[in-house]
Amino acid sequence: MAAEACGVALWEVNLERHRYLATLFATKDPVRILRELQLVLGFPEPDPQTKHLLFLDEIQEIPEALACLRYFYEELPDLPVVAAGSLLEFTLANANFSMPVGRVETLWLGPLDFEEFLVGTGEASLATFLEQWTPEQSILEGVHQKLLLKLREYFLVGGMPEAVQVFRETGSFSEVQVVHRSILTTYKDDFGKYAKGTTLEKLRRVFEVAPLTIGHKVKYTAFHPDWKAADIRQSLELLERAGLLLKVTHTDASGLPLGSQEDPTVFKLFFLDIGLVLNSWGTQGLDLDSFLDGKFLEEGKLAEQFAAQSLAYSQGRDAPPRLHYWLREGRNTNAEVDFILSRGTEVIPLEIKAGASGSLRSLHQFMALKKLSTAFRCDLLPPTTQSVFTTVTTPSGKAEVTYQLHNLPLYLIISTFRVSSVSGATTRMK
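S.K.: I would appreciate a short explanation of the pattern of salt bridges in the present structure.
M.R.: A side chain of one charge can pair with a side chain of the opposite charge if their charged atoms are brought near each other. In the structure shown here, the tally under the stated rule is 18 salt bridges. Among the salt bridges present, the one from glutamate 262 reaches arginine 322, with a minimum N-O distance of 3.0 Å. Of this pair, glutamate 262 sits in strand S5 (residues 262–271) while arginine 322 sits in the loop between helix H15 (299–312) and strand S6 (323–329), placing them 60 residues apart in sequence. Of the residues examined, glutamate 262 reaches a relative accessible area of 26% and is grouped as partly exposed. According to the relative accessible area criterion, arginine 322 is exposed, its value standing at 52%. Measuring nitrogen to oxygen at the nearest pair gives 3.5 Å for the salt bridge that ties arginine 377 to aspartate 379. Assigned by exposure class, arginine 377 and aspartate 379 land together as buried. Taken together, the salt bridges that share partners define one network made up of Glu16, Arg19, Glu61, Asp190 and Lys193.

So, in structure tokens, the structure goes:
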């Protein structure tokens, strides 16, 4: 256990299993709470020579415990308290208390990313390789092919911890799919704790349809042609705040910050986890051979889903994910760049391809309009850098465009946030 490895005594309380503790937390007396937890749950007497950590799991089940966090901070400052839970935004929306601002540090956690998946499935050396990779470093063909294979496994398994654990223990994609179905059902059942009637119906409907719309500009009629857009928007916003949906918002991308140029009415959605997406699509029985034989037709969407959930938390977990893309809609043709990133003073466009090739027409358009010098593409090829020289048609007429294109394999996408091009020199960023 990580706490034990750090020399910390862990006091763990699963509040879902001990809901009767609500009256105890309602006292807002941390000394009494700690004493009764020790007596009721059998925690040993604290050792003055040992550091302790109180871990409150499934805290959404007892909202009173959330309100208590400030009192632990103020009255027992030497005792670290960690609280974790799912659908916390639902709990907060229905709570009759305010969060203890300035007393609680909030971290947003998503599914295991690809590097964490490698560690969790016994491939820690591959994870270390990816973490330490630099643009100057070539990747041996054997290593590249193994990483692509593990990437396909991740597409099927995803990053939900229970699914990863079952895959490591059994190696069975069928067993993993059972876990996925259970997780999706549990989420929908839990909605009933926070919403009723037509509100609950809309919430569940939007949750079920969202995986079918990933990667496309959202149209509210896709969720239900007869429902009011305002009702669907409310459900989408709540699911996004709860971390079940990832929103990627259009930005004009003419400079920084990207958020100052957002159009909140233009956005596309991605789901919590790629493994749950596949299960939502009704792909029970899908196996790795189907991927390897090219029998699966939606790899483009899955590649974008992988990119979205990989990028979502790469800038840190002290704020909710905030992702951007660029879209120009024309009468006869549209142009779209999958993701727009910012690094230092640079705006960096990123294109995602599921195969080893693909058109870059939209990227050329974007580079010509914004007059940028560096772009990234993630596909299935080993890393390369190339100079692009081409001519495009813009609203102002013909334009020549020249830029450096850094190609990365999809499994290195997190490195997109670690790498930036400055004056033509590729450098490592923290």
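Once the structure has been displayed, the description carries forward.
S.K.: Before we go on, may I ask you to explain the pairing of strand S2 (residues 51–57) in this structure?
M.R.: Regular strands have side chains that alternate between both faces of the sheet. For S2, the buried fraction is high: 5 of the 7 residues fall into the buried class. Where S2 lies against strand S3 (residues 81–84), 4 bridges are found, and the strand directions are parallel. In the sheet register, leucine 54 faces S3, and the bridge partner there is valine 81.

S.K.: How do you make sense of the packing of aromatic side chains when you look at a structure like this?
M.R.: When we look at a pair of aromatic rings, we describe it by the centre distance and by the angle of the planes. Summed over the entire model, instances satisfying the criterion amount to 14 aromatic pairs. Ring centres of tryptophan 326 and phenylalanine 366 lie 5.1 Å apart, and the angle between their planes is 65°; this geometry places the pair in the edge-to-face category. Taken together, the residues tryptophan 326 in strand S6 and phenylalanine 366 in helix H16 (residues 361–370) connect sequence positions 40 residues apart. Each of the two residues, tryptophan 326 as well as phenylalanine 366, counts as buried. Looking at arginine 70, its charged tip hangs above the ring of tyrosine 71, at a distance of 5.5 Å from the centre. Of note, lysine 247 hangs over the ring of phenylalanine 267, and the distance from its end group to the ring centre comes to 4.5 Å.

S.K.: Sorry if this is basic, but what is going on with the environment of proline 395 here?
M.R.: Position of proline 395 among the secondary structure elements: in the loop between strand S11 (384–394) and strand S12 (397–409). In this structure, the C-alpha to C-alpha distance between proline 395 and tryptophan 326, residues 69 residues apart in sequence, is 16 Å.

S.K.: Mind showing me how you'd approach the pairing of S6 here?
M.R.: Of all the 7 residues making up S6, 5 are buried; the element is thus mostly covered by neighbouring parts of the structure. In this sheet, S6 lies alongside strand S4 (residues 245–251) in parallel orientation, the contact comprising 3 bridges. Pairing of valine 248 across the sheet is with leucine 323, part of S6. The pairing of S6 with strand S7 (residues 334–337) spans 4 bridges and is antiparallel. For leucine 327, the partnering residue across the bridge sits in S7 and is glutamate 336.

About the thresholds
- Residues numbered from 1 in each chain as written.
- Predicted model: local features only at pLDDT ≥ 70, side-chain atom pairs only at ≥ 80, totals over all residues.
- Heavy atoms only, no water.
- Salt bridge = Lys/Arg side-chain N within 4 Å of Asp/Glu carboxyl O.
- Helix = DSSP H or I, 4+ residues; strand = E, 2+ residues; numbered from the N terminus.
- Buried < 20%, exposed > 50% of the residue type's maximum accessible area, 1.4 Å probe, protein only.
- Pairing = 2+ DSSP bridges.
- Phe/Tyr/Trp six-rings, centres within 6.5 Å; stacked < 30°, edge-to-face > 60°.
- Lys NZ or Arg CZ within 6 Å of the ring centre and 35° of its normal.

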